[in-house]
Each structure stands twice: as C-alpha cells, then as structure tokens.
Amino acid sequence: ISPALYSRVDLNRYHTGLKTCKNMYIHPHGGSSNRPGTFFSSEVKDSSKKTRSVAFIFSKTQAYVLEFGHHYVRFYKNHGRLSVSTADSWVTSTDYVAGDYVKQTSVIYFCLVAHTSGTFATDLAAGKWVAQTIYEVPTTYDEDDLADLKFERSADVLYIFHPAYQTRTLSRYDDTDWRFEYYSSDDGPFMAENLTT
C-alpha cells in the first residue's frame, strides 16, 4: 500500500493492503509467496573485513557465487567452495606470482608474494607460501573499494569497474582457472574522429 493511502480507511482495498512485507515475494500479477530459505556454505576468508557476494550465472548448470574480499576473490558452486585438488610440483629457481599453486611433499601451497624460489623451507618461513587448497585469485581491490565496484558479465567474462582503477576483467576458463586482468579497449568507447568532412 502506498504511503499516500495510509489514511484512506474508506477504501475496500485498504483492509487487504500490505504496508510491510518481510521474507516474501510480491508478484506483479497480485498476491505473494514465501521467500525460499538460504544455505550456509562456509565462512568468508576473514570475518573481520568487509566482503561482497556477486552472482556469476552463465547457464542453468554453470552458476557461481563470487566472494570479493580484501585483495582476493573466492568461488562457490553447487553449495560449496571451489578447491584445488592438484598442482605442479614446486621447483627451485622459478618465478612465482601471487595466486600460483604448487605441491611440495604432498601438500598444496598458495603463493602469497611474487618471488623467485630459493629453498622451499626458507620461502615458507618468509611468508611467501601458505598451505591452502581453497581456490582464490588475488585482486587489487581493498575492502573499502568493494562497495563501489560495478559489474557487467558477457559470456565467460566479468567486467569490473571502479572509479579509482582501470577496468579489469575476470575471465573463466574452468572451475579453478579464473584470470584477473586489465581490460584494454580498442580506441576507447568511441569511433575514430571523422576528418574528411
């Protein structure tokens, strides 16, 4: 019921009107129905920091929820968080970037800092690796940036906009192969200037 009709007790519809509705869906053709329940999948990476959930729906069978947090994004599918089950073996004198996964002595590790590998025990003690199978991709967004993010999806690519950052893309190649990259457009959003007239 509209606030303009709060005092119109003389109308028959006033007595069947609804001022406040909680946990219901209002249908455009009239009536309402119960909202379905929610499902607790897992805790976010760090509950002391802000996070944001974003739907990524490619089709009825390929739908994800993306958990954007402080410098990371994690992925959920079929009521569960995606995890890494295999990784390449760690190799000395190799350039690793944040977000790489390696296997060392049957344990999967996640790279926290870009570096050239030396001795694994030394790199681990220096905080360059953490034992982790949860799949995540590093991002540039601080927790305070999350509210200002705007999203647009096209096929397997999520375009991410923020006033303080160059536009980025998050592209899906597989369940555990997402790539966070700069977006570069050809000549911007405009056609080349017409100099012939």
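Structure shown above.
Below or above, wherever it landed, is the structure these notes cover.

What counts and how
Position numbers for residues count from 1 along each chain, tracking the sequence in the order it is written. With pLDDT at 70 or above as the cut-off, local features in this predicted model cover only qualifying residues; side-chain atom pairs require 80 or more to be listed or tallied, and sums for whole chains, interfaces and linings still use all residues. Side-chain calculation: all heavy atoms of the structure are included, whereas hydrogens and water are not. Put simply, DSSP marks the helices as runs of H or I at least four residues long and the strands as runs of E at least two long, and each gets a number from the N terminus on. Between the two quantities, the radius of gyration covers C-alpha atoms and the globule rule is 2.2 Å times the number of residues to the power 0.38. Under the scheme applied here, a residue whose accessible area is under 20% of the maximum for its type counts as buried, over 50% as exposed, and between as partly exposed, the area being computed with a 1.4 Å probe on protein chains only. Note on definitions: a residue-residue contact is assigned when non-hydrogen atoms from the two residues lie within 4.5 Å. Surface accessibility follows the Shrake-Rupley procedure with a 1.4 Å probe radius. Residue values consider only the protein chains on display as shielding. Residues counted as positive are Lys and Arg, residues counted as negative are Asp and Glu, and His and the chain ends are not counted. Each charge is placed at NZ for Lys, CZ for Arg, CG for Asp and CD for Glu. Salt bridges are defined as contacts in which a side-chain nitrogen from Lys or Arg sits within 4 Å of a carboxyl oxygen from Asp or Glu. When DSSP finds two or more bridges between two strands, those strands count as paired. Here the aromatic set is Phe, Tyr and Trp, taking the six-membered ring for Trp, and pairing holds for ring centres within 6.5 Å; pairs whose planes are under 30 degrees apart are stacked, those over 60 apart are edge-to-face, and all others are tilted. Charge over a ring is defined by NZ of Lys or CZ of Arg lying within 6 Å of the ring centre and within 35 degrees of the ring normal.

## A few points about the overall build of the protein chain
Working step 1: What the protein chain contains, in helices and strands, is one helix and 17 strands.
Working step 2: Taking 197 residues into account, the globule formula puts the C-alpha radius of gyration at 16 Å, and the protein chain, at 24 Å, lies well above it.
Working step 3: By its C-alpha atoms, the protein chain is 80 × 60 × 30 Å across when sized along the principal axes.
Working step 4: Classification of the 197 residues of the protein chain by burial places 25% in the buried group.
Working step 5: Relative to all contacts within the protein chain whose residues are 6 or more apart in sequence, the contacts with residues 24 or more apart total 40%.
Working step 6: As displayed, the protein chain offers around 13300 Å² of accessible surface, 52% of which is attributable to carbon and sulfur atoms.
Working step 7: Within the protein chain, one finds 20 positive and 23 negative side-chain charges whose respective centroids are separated by 12 Å.

## Points about the pattern of salt bridges
Working step 1: Under the counting rule described, the total for this entry stands at eight salt bridges.
Working step 2: Residue Lys45 is joined to Glu136 by a salt bridge in which the shortest nitrogen-to-oxygen separation is 2.9 Å. Placement of the pair is Lys45 in the loop between strand S2 (32-34) and strand S3 (52-57) and Glu136 in strand S13 (residues 136-138), with a sequence separation of 91 residues.
Working step 3: Of the charged contacts, one joins Asp123 and Lys128 as a salt bridge, the two residues approaching to 3.9 Å between their closest N and O atoms.
Working step 4: A relative accessible area of 5% places Asp123 in the buried class.
Working step 5: Here the residues in one salt-bridge network are Lys45, Arg74 and Glu136, joined through shared partners.

## Some words on the sheet that holds strand S7 (residues 88-89)
Working step 1: Across the sheet, which stays open at both edges, the four strands sit in the order S7-S9-S10-S12 with mixed pairing between neighbours. Strand pairing shows two members of the sheet lacking a second neighbour, S7 and strand S12 (129-131), which therefore form its edges.
Working step 2: Pairing of strand S9 (residues 101-104) with strand S10 (residues 107-111), which is carried by four bridges, proceeds in the antiparallel orientation. By the bridge assignment, Lys103 is partnered in S10 with Ile108.

## Observations concerning the environment of Ala55
Working step 1: Inspection of the secondary structure assignment puts Ala55 in strand S3.
Working step 2: As for Ala55 and Glu152, which are separated by 97 residues in sequence, their C-alpha atoms are 11 Å apart.

## Topic: the packing of aromatic side chains
Working step 1: Counted by the stated rule, this structure contains 15 aromatic pairs.
Working step 2: Both rings, one in Tyr64 and one in Trp178, keep their centres 5.2 Å apart while their planes meet at 85 degrees; by these two values the pair is edge-to-face. Pair noted here: Tyr64 is in strand S4 (residues 63-69) and Trp178 is in strand S17 (residues 177-182), with a separation of 114 residues, a long-range link. The pair Tyr64 / Trp178 is uniform in exposure class, with both members buried.
Working step 3: Relative to Tyr165, the ring of Tyr141 lies with its centre 5.2 Å away and its plane at 85 degrees, an arrangement referred to as edge-to-face. You can see Tyr141 sitting in the loop between S13 and strand S14 (150-154) and its partner Tyr165 sitting in strand S16 (residues 165-174), a full 24 residues away along the chain.
Working step 4: Looking at Tyr165, the relative accessible area reads 27%, which means it is partly exposed.
Working step 5: Aromatic rings pair up to connect Phe56, Tyr64, Phe75, Tyr101, Phe110, Tyr135 and Trp178 into one cluster.
Working step 6: Just above the ring of Tyr72 sits the side chain of Lys45; from NZ or CZ to the centre is 4.8 Å.

## Focus on the pairing of S14
Working step 1: Here S14 runs beside strand S15 (residues 157-162); their pairing, made up of five bridges, is antiparallel. Bridge pairing in S15 links Ser154 to Val157.

## Quick notes on the pairing of strand S5 (residues 72-77)
Working step 1: The buried fraction of S5 amounts to six of the six residues, a majority that puts the element mostly inside the structure.
Working step 2: Taking every second residue as pointing to the same face, both faces of S5 are buried, with Tyr72, Arg74 and Tyr76 on one and Val73, Phe75 and Lys77 on the other.
Working step 3: The pairing of S4 with S5 spans five bridges and is antiparallel. Paired with Gly69 across the bridge in S5 is Tyr72.
Working step 4: Between S4 and S5, which pair antiparallel in sequence order, lie two residues; one of them, His71, sits at a positive phi of approximately 70 degrees.
Working step 5: Pairing analysis gives three bridges linking S5 to S13, with the strands arranged antiparallel. Within S13, the residue paired with Arg74 across the bridge is Glu136.
Working step 6: Inspection of the sheet shows S5 paired to strand S6 (residues 80-81) by two bridges, in the antiparallel sense. Bridge assignment links Lys77 to a residue of S6, and that residue is Gly80.
Working step 7: From the end of S5 to the start of S6, which pair antiparallel, there are two residues, and Asn78 there has a positive phi angle of about 50 degrees.

Keep in mind these values describe shape, not function.
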